[in-house]
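Commentary on secondary and tertiary structure
Residues per chain are reported as follows:
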Amino acid sequence: MTITGTTVTETRRLTVPDIAKAPRPKRKASVGGVVRVVGLGLWLIITLFPLYWIALTSFKSPGTINSFPIEYWPSEPSFDNYVSLFQQSSFGVFLANSAIVATVAGAVATLIALLSAYVIARFEFRGKGTVLVAFLLTQMIPAFIALGPLYSMMTDLGLVDTKPGLILVYIAVCIPFSTVMLRGFFENVPDALEEAAMIDGCSRFGALFRVLVPVMTPGIIAAFIFNFVNCWNELFLSVVLMNTDANRTVPSALNGFISTFNIDWGSMSAAAVLTILPTMAMFALASRWIVQGLTAGAVKE
């Protein structure tokens, strides 16, 4: 008896069940799952509501911000707060100053931390543990404790109310955290990659920048973004070291909307929205590299 290919195909179609069309078992909602979803939903609302309220206030006209009953959606949206923000103040200059200071300080701090993390991860030397402990301790000390000595030192150097002076301070502040962060990434990269590159003729610096840096790109991007955001949002140092509008950054400009007897809620909310947007855009565009960078150094193989 001969069985043709058509007969075998028809037999398979009759005997093999279609998994895609098979009914899936219904998941029963447990009490714990419902409580978890409800709790996460409430937490999301609590987290997002301040951002929504800031954006809402920025689109209200000055006469309706403190009106009662409270409006949870503006009846007549207005851009007066944004227009007056740029007409009555130098907010564009503040944004440019923050962008320059945060970008330069974040990039330089990331580069220096990359080199120092490489040394700590690849070499053994006396005092290595002490250096790491010192880096960690610097993250536990509040920044305002060092404002007095720092201001005195910057005054002696002639760097008060200058963007280079603020950049140098931000670099010094960002290096310890970035070094500890990048050290974990270096320890997760096998030594064999670097050794193979050096056998092929690369110097140690060549192996670092041609082999290790491309592998560690997600971690480097994550470190730069954290440094950028920290410099962009920093308030205490910028308020103390910057005295003129030509050099002020965005956080100190936001602080300027608070006077002794009044708070300009409309302009402050508009400025806050414009301040939040660059960091949100950066995290949105680089979210893939941030996640890879945060998980790359988590486990050492």
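Before any of the text, the structure's been laid out above.
All figures in this text were calculated on a predicted structure; none of them were measured in a lab.

Conventions we followed
- Residues numbered from 1 in each chain as written.
- Predicted model: local features only at pLDDT ≥ 70, side-chain atom pairs only at ≥ 80, totals over all residues.
- Heavy atoms only, no water.
- Helix = DSSP H or I, 4+ residues; strand = E, 2+ residues; numbered from the N terminus.
- Buried < 20%, exposed > 50% of the residue type's maximum accessible area, 1.4 Å probe, protein only.
- Contact = heavy atoms within 4.5 Å.
- Areas by Shrake-Rupley, 256 points an atom, 1.4 Å probe, with all protein chains shown as cover.
- Salt bridge = Lys/Arg side-chain N within 4 Å of Asp/Glu carboxyl O.
- Phe/Tyr/Trp six-rings, centres within 6.5 Å; stacked < 30°, edge-to-face > 60°.
- Core = buried A, V, L, I, M, F, W, Y, C linked by side-chain atoms within 4.5 Å.
- Axes fitted to C-alpha atoms, helices over the stretch in contact; angles between N-to-C directions.
- Parallel < 35°, antiparallel > 145°, perpendicular 65-115°, else oblique.
- Nonpolar A, V, L, I, M, F, W, Y, C, P; charged D, E, K, R; others polar.
- Expected span 1.5 Å × (residues − 1).
- Lys, Arg positive; Asp, Glu negative; His and termini not counted.
- Polar contact = N/O pair within 3.5 Å; in protein donor to acceptor, adjacent residues only side chain to side chain.

Each helix and strand counted, the protein chain has 14 helices and zero strands in total. Along the protein chain, helices (α) and strands (β) appear in the sequence α-α-α-α-α-α-α-α-α-α-α-α-α-α when read from the amino end. The buried share among the 301 residues of the protein chain stands at 33%. Nonlocal contacts in the protein chain, meaning residues at least 24 apart in sequence, comprise 73% of its contacts between residues at least 6 apart. With the model as given, the accessible surface of the protein chain reaches about 19,000 Å², and the carbon-plus-sulfur share is 68%.

Evaluated as defined, the whole model comprises six salt bridges. Among the salt bridges present, the one from Asp-191 reaches Arg-122, with a minimum N-O distance of 3.3 Å. Residue Asp-191 is located in helix α8 (residues 191-199), and its partner Arg-122 is located in helix α4 (residues 91-122); the two are separated by 69 residues in the primary sequence. Residues Glu-194 and Arg-122 are paired through a salt bridge, measuring 2.9 Å at the closest nitrogen-oxygen approach. Of this pair, Glu-194 sits in helix α8 while Arg-122 sits in helix α4, placing them 72 residues apart in sequence. You can call Glu-194 buried: its relative accessible area is 4%. One network of salt bridges, in which partners are shared, links Arg-122, Asp-191, Glu-194 and Arg-204.

What follows is about unusual backbone geometry. One non-glycine residue with positive phi stands out, namely Asp-161, at about 60°. On the basis of relative accessible area, Asp-161 is assigned to the buried category, the value being 17%.

Time to look at the packing of aromatic side chains. How two aromatic rings sit relative to each other is given by the distance of their centres and the angle of their planes. Inspection of the entire model under this criterion finds 13 aromatic pairs. Ring centres 6.2 Å apart and planes at 45° place the aromatic pair Phe-49 and Tyr-52 in the tilted group. Of this pair, Phe-49 and Tyr-52 both sit in helix α2 (residues 31-58), three residues apart, which is roughly one turn of that helix. Assessed through its relative accessible area of 38%, Phe-49 is described here as partly exposed. Taken together, the aromatic side chains of Phe-49, Tyr-52 and Trp-53 make up a single cluster linked through ring pairs.

Before going further, it helps to examine the nonpolar core. Ranked by size, the top nonpolar core spans 24 residues in total, and within it Leu-166, Tyr-170 and Leu-237 carry the most contacts. Residue assignment for this core shows that the elements contributing at least two residues are α4, α6 (147-157), α7 (163-188), α10 (217-233) and α11 (236-241). Considering every element that reaches this core, the biggest residue donor is α7, with seven residues. Once residues within four sequence positions are removed from consideration, Leu-237 is found in contact with Leu-147, Leu-150, Leu-166, Val-169, Tyr-170, Val-173 and Met-242. Grouped together as the second largest cluster of nonpolar side chains are 17 residues, Ala-121, Val-189, Leu-212 and Ala-222 included.

For any two helices packed against each other, the geometry comes down to the angle between their axes and how far apart the axes lie. Interaxial distance between helix α3 (residues 80-87) and helix α13 (residues 265-285) falls to 8 Å at its minimum, and their mutual angle equals 85°. Comparing the axis directions of α3 and α13 gives the class roughly perpendicular. For the pair formed by α3 and α13, the contact residues are Asn-81, Tyr-82, Ser-84, Leu-85 and Phe-86 on the first element and Gly-266, Ser-267, Ala-270, Ala-271, Val-273 and Leu-274 on the second. Tallied by class, the residues present in the contact of α3 with α13 amount to seven nonpolar, four polar and no charged.

Another aspect to go through is α2. Compared with an ideal rise of 1.5 Å per residue, which puts 28 residues at 40 Å, α2 spans 41 Å between its outermost C-alpha atoms and is within 8% of the ideal. If you check which residues of α2 are buried, you get Gly-33, Leu-56, Thr-57 and Ser-58. The inward-facing, buried residues of α2 abut α3 and α13.

To continue, consider the side chain of Glu-234. In this structure, Glu-234 sits in the loop between α10 and α11. Of the side chains bearing the opposite charge, Arg-248 lies closest to the buried Glu-234, which forms no salt bridge; the N-O distance is 12 Å. A distance of 2.6 Å separates polar atoms of two side chains, one belonging to Glu-234 and the other to Tyr-170. There is a polar contact of 3.1 Å between the side chain of Glu-234 and the backbone nitrogen of Ser-238. Other than its neighbours up to four places away in sequence, Glu-234 contacts Tyr-170 and Pro-251.

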